[in-house]
Amino acid sequence: MITITINNKEIKLEKPVTVLEAARSAGIKIPTLCWHEQLEKYGGCRLCLVEIAKVPRLQTACTLMAADGMVVRTETEQIANVRRGILEFLLINHPLDCPYCDKAGECELQDLVEKYGPAKGRYKEKKRKVPESLEDPVIVRNMGRCIMCTRCVRMCRGLQGAAAIDVISRGGHSHIEPFSGGKYDCEYCGNCISVCPVGATMSRLHRHGYRPWQMVNETETICPYCGVGCTLIVQVRDDMIKRVVPRIGSVVNNGLLCTRGRFGYEFVGSKERLTKPLIRIAPKLSADSYQLTANLFREATWEEAISLVAKKLSEIKEKYGNSAIAGIASPRCTNEDNYIFQKFMRVALGTNNIDSAARTGFAGAQNFIENIFGQGATANIIPGLSNSDLVFVAGGDPTTVNPILGLQIRACSRNGGNILTIGNFKGIEYCSPQKLAPVLYTEDVLLEGIVTALKNKKGLSGANPKLEAKIKDISTSIEDVKNICKIKEKDFNEFLNILSESTNPSIVIGKETTQSNGASYHLLLLSAINYLINGRIYLLSDRANEQGLLDMGCAPDILPGYRPVSYMEFRRRYESIWKSEIPEKQGLTIFEMIDTARNGSLKAMYVMGENPAYNLPDSKSAESVLKNIEFLVVQDIFLTETGRLADVVLPALSWAEKDGTFTNMERRIQRVRKAVNREGMEDWRIISEIAKNMGEKFNYSNVEDIFNEICKASPLHKNLTYEDIEKGEGIYPYKGEPLRDVMEEIRFQFPGSRSQGSDGKLYLRVERPLFHSGTLSRKSSALMKIYPHAVARINDKTANMLALQNGEMVRVSSKKGSMELPVIIDDMVDSSYVMLTNNFEGKGAFSLLAYQIDPVTKAPIIADMEVSIIKGRLKK
């Protein structure tokens, strides 16, 4: 125990900390400008100088460690004079533009000058002037206000791990700017904005739009984009979101945000939001044909729309049977919304035909891995990555899919851990990873080689006989890896030595693995590697509540809490609570729904918060099927491609306009809170009203009623309450009963074909950009300014072969269609690939992709779509 006295107050410390931290723990404020609780010690501004008994000179509290018996004074006349002098120096060049500066009211320099002075400056020299920079789409820089505290530099180099900015020049000529020159070439996370103590770096989204003291409401909630589940503070004025900031100390992101979380909120206030129910009055054409929708739908009252949906679904159920209706749930909706949706499908419509876009990768991969290691095997704490001594990445760039998780991988590298990757991932390059990049479609050979070498080196422990039985006969030599994958023996051995010597490893798996040819076999091999090195598995999740909707039973084969629908004893539990029979027949996956609708057996579909006409592979085919379905209900916040095909469109409330919970990829349940008001109904309330119109008792007054029923019905969530979640106790396995003994035989399918290297052809690969997420980010003008339109990314070798320059128009074609795009030359792209996004209207990569279904994971295989590139526009 360390005892220190500050300003005559005795403070007892359990561990060594700085004098500044000791003072803060006791509520004693010591002024600082360069210090920030998220950053390393710096001691540059000198404003935290304090007097230490028996020490002749003032000491910096932010760097001085507290010692037992130390006596400290933080406010004396000598200290005040020194602080006043330091502030006077800072004001020599700092412009006195507080009435104009957006930082006024929360500017740390302003507050300190008000407290300590000086009342006026003695220096007559002209101030250094730096013009305001508006070159960046979301950040405005006024570097004339910069006080050289270097917080932004230390944030970018340290916690963000991007090192996009630095101090340039020396002495009085020192200034901070991007390495790229005028405009930032960075990830636009905005974390530099969070730590800037003055108005040097600010967000453009609210430039001259408000003052901090005008915010009437601040609401803590969860980010609506990816599966990390970052905590946000939403600041509101006039029922409009004006700013989103992080909360320091939050469990998942601890004061950090990515570009989507910080700048992607504008969709909430978009003028394109649906406000009233719509009923179709015109024939269905293609989704692309609908540039104007005024003549296609008419506005209706809620009563009319709900009554029509209830009537039509009842008629179809009566005429064609329960199996003629299907529903698609949403990973952007809350747990409560999804629970009510699956209950509606099973109780009111009598069908298990319920699934979601999680089927495109996450659902099947999690089921496969947890069938090997047990339920909860993928529920690992995200900050645990930074404490690993090794992170193995395969199947996607974590820094673009789940950016804050990606920062934990960078932190692992900074802490001395090793980063290993299969393939090239731009966001991981900051870590100088040890890479193995096999030639096209030979990843399975490489993984077999790793499994074989680890078996030979470590042996099989016998702890998992079921898995060992599947891998015991795998025998791929280093020679095979060299000859087939074109990997040097030295590189393979170095990679393997690092992997085998790790003591606290983690494996991160992305969608490119789960959508690859032979995905289930790749997952088996990665599971074997994890088993042999005794690691943890993280599955990347690109939607906010992808985990939660599966927990709620939004899948054709499981009930809430992962109880198999085919087991009578499990069905009886839910039937007793819901007071209704549940069909025992397993339902259709989302892809089986499309196939069944194509052959005419599926007559109605209810789509909540999803866009299958755009977000499924071979999207044009999905669109054609949905166009011809007898009755299509779409419930969403925008009129999406799928909405344009609907018979009835129901306007829902967005994430910021309702209460509930999300479950992140750690299986941490977190509160989503209403921040702004808007007329309309939550998803769960709309569905409840339809159910009541069909004669069912869906009587819920608020989301807590629904959550309480979830915790009564789902054994996994047994006895959990909102109060527990508020206390931070919503972390897996909660208080419930995970499914333990219902395990299946491990099944997998080998890749259909094995390439022996590049064949000179080009193949389509889906880019998952940092600045976009599905089609939702289209409605955020800030994100659209950063990444405004679809492009085709190709390697410089491909560009040279086709005589292409950056920005030139090309036509990319596959057997499914073609589109015209500007080309971007990117040396991180493999020479065998053309990379397209699936985010921009009319330019989605999925429209060019055919797919097959992996029989084990039920996920789409989209790995081997050959494409061609032709320079120039199509002649009309």
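The written sequence of each chain sets the order in which its residues are numbered from 1. In keeping with the predicted nature of the model, local features appear solely for residues at pLDDT of at least 70, side-chain atom pairs appear and are counted solely at 80 or more, and the whole-chain, interface and lining totals rest on all residues. In computing side-chain properties, one takes all heavy atoms of the structure into account and sets aside hydrogens as well as water.

Caption draft 1: Spatial organisation of the domain arrangement of the protein chain. By domain assignment, the protein chain separates into domain 1 (2-75), domain 2 (123-269), domain 3 (278-356 + 554-664 + 673-702), domain 4 (362-539) and domain 5 (762-871). On a C-alpha basis, the centres of domain 2 and domain 3 stand 39 Å from each other. Contacts between residues were defined by any pair of non-hydrogen atoms, one from each residue, lying within 4.5 Å. In this assembly, 20 residues from domain 2 lie in contact with 15 residues from domain 3. Of the roughly 1400 Å² buried between domain 2 and domain 3 on both sides combined, carbon and sulfur atoms contribute 59%. Salt bridge, as used here: a side-chain nitrogen of Lys or Arg that lies within 4 Å of a carboxyl oxygen of Asp or Glu. The tally of links from domain 2 across to domain 3 stands at zero salt bridges. Counting of polar contacts relies on pairs of N or O atoms within 3.5 Å, with two restrictions inside protein: one atom must be capable of donating a hydrogen and the other of accepting it, and residues adjacent in sequence are counted only when both atoms are side-chain atoms. At the junction of domain 2 and domain 3, the tally comes to six residue pairs in polar contact (both at pLDDT 80 or more). Counting from the N terminus, the helices are DSSP H or I runs at least four residues long and the strands are E runs at least two residues long. Those elements giving two or more residues to the side of domain 2 that touches domain 3 turn out to be strand 10 (217-222), strand 11 (231-237) and strand 12 (240-246). Charged means Asp, Glu, Lys or Arg here, nonpolar means Ala, Val, Leu, Ile, Met, Phe, Trp, Tyr, Cys or Pro, and polar covers whatever is left, Gly included. Partitioning the side of domain 2 that touches domain 3 into residue classes produces 13 nonpolar, five polar and two charged. The split into domains, and so the bounds of each, comes from an automatic or database assignment of domains. What gets called buried area is simply the loss in accessible area from a 1.4 Å probe that two parts show on being joined, summed for both.

Caption draft 2: Just the nonpolar core, in detail. The set of buried Ala, Val, Leu, Ile, Met, Phe, Trp, Tyr and Cys residues whose side-chain atoms join them within 4.5 Å is what this entry labels a nonpolar core. For the exposure calls, accessible area comes from a 1.4 Å probe over protein chains only, and a residue counts as buried if that area is under 20% of its type's maximum, exposed if over 50%, partly exposed in between. In terms of nonpolar packing, the biggest core is built from 225 residues, with Phe344, Phe392, Ile529 and Tyr606 touching the most fellow members. In terms of residue count, helix 17 (residues 519-533) provides more of this core than any other element does, ten residues in total. Ile590, Met593, Met605 and Leu645 belong to the second-largest nonpolar core, a separate cluster that totals 28 residues.

Caption draft 3: The arrangement of the environment of Phe89 in detail. On the secondary structure map, Phe89 appears in helix 2 (residues 77-90). Looking at Phe89, the relative accessible area reads 55%, which means it is exposed. Considered as a pair, Phe89 and Gly190 are 101 residues apart in the sequence and their alpha carbons are 28 Å apart.

Caption draft 4: Broad picture of the environment of Ile279. Secondary-structure assignment places Ile279 in strand 13 (residues 278-280). For Ile279, a relative accessible area of 7% puts it in the buried group. Sequence separation between Ile279 and Asn838 is 559 residues, and the spatial gap between their C-alpha atoms is 28 Å. Ile279 has contacts with Leu296, Phe297, Arg298, Ala300, Glu304, Ala305, Leu308 and Asp647, leaving out every residue within four places of it along the chain.

Caption draft 5: Layout of the sheet that holds strand 1 (residues 2-6). Note: two strands are recorded as paired if DSSP finds a minimum of 2 bridges between them. Strand order in the open sheet made by the five strands is 2-1-5-3-4, with mixed pairing throughout. Only two strands of the sheet have a single neighbouring strand rather than two, namely strand 2 (9-13) and strand 4 (59-60). Where strand 3 (residues 49-52) and strand 4 come together, two bridges link them in antiparallel fashion. Bridge pairing in strand 4 places Leu49 opposite Thr60. Packed onto the sheet, helix 2 meets strand 3 and strand 5 (71-73) and runs at close to 160° relative to strand 3. Angles shown run from 0 to 180 degrees and are taken between the N-to-C directions of axes, each axis being a line fitted to C-alpha atoms and, for helices, limited to the stretch in contact.

Caption draft 6: Here's a closer look at the packing of helix 20 (residues 590-598) against helix 22 (residues 619-628). As a packed pair, helix 20 and helix 22 sit with axes 9 Å apart at the nearest point and diverge in direction by 55°. One finds that helix 20 runs oblique with respect to helix 22. Our pair here, helix 20 against helix 22, has a crossing hand that is left-handed. Where helix 20 abuts helix 22, its residues Ile594, Ala597 and Arg598 lie against Ser621, Ala622 and Val625. Looking at the contact of helix 20 with helix 22, its residues break down into four nonpolar, one polar and one charged. For classification purposes, angles smaller than 35 degrees are called roughly parallel, those larger than 145 roughly antiparallel, those between 65 and 115 roughly perpendicular, and all remaining angles oblique. Crossing chirality is assigned from the near helix's rotation relative to the far helix, an anticlockwise turn below a right angle marking it left-handed and a clockwise turn marking it right-handed.

Caption draft 7: Seen up close, the sheet that holds strand 21 (residues 536-539). One open sheet holds the five strands; their spatial order is 19-18-17-20-21, and the pairing between them is parallel. Two strands lie at the open edges of the sheet, namely strand 19 (434-436) and strand 21, each paired on one side alone. Neighbour to neighbour, the strand axes of the sheet diverge by 20° on average, direction disregarded. Where strand 20 (residues 505-509) lies against strand 21, four bridges are found, and the strand directions are parallel. Pairing of Ile507 across the sheet is with Ile537, part of strand 21. In this fold helix 11 (residues 403-414) packs onto strand 17 (390-394), strand 18 (418-422), strand 20 and strand 21, with an angle of close to 135° to the strand it touches most, strand 17.

Caption draft 8: Looking closely at helix 11. Here a helix's expected span is defined as the number of its residues, less one, multiplied by 1.5 Å. The end-to-end C-alpha distance of helix 11, which contains twelve residues, comes to 17 Å, matching closely the 16 Å that a straight helix rising 1.5 Å per residue would cover. Within the sequence span of helix 11, burial applies to Pro403, Ile404, Leu405, Gly406, Leu407, Gln408, Ile409, Arg410, Ala411 and Cys412. At the exit of helix 11 stands Gly416, carrying a positive phi of roughly 100°.

Caption draft 9: Examining the side chain of Asn380 more closely. For Asn380, the location among the structural elements is in the loop between helix 9 (362-373) and strand 17. Classification of Asn380 as buried rests on a relative accessible area of 13%. Looking at Asn380, its side chain comes within polar contact range of the main-chain oxygen of Ala377, at 3.1 Å. Look past the residues within four positions of Asn380 in its chain and what remains in contact with it is Arg536, Ile537, Tyr538 and Glu666.

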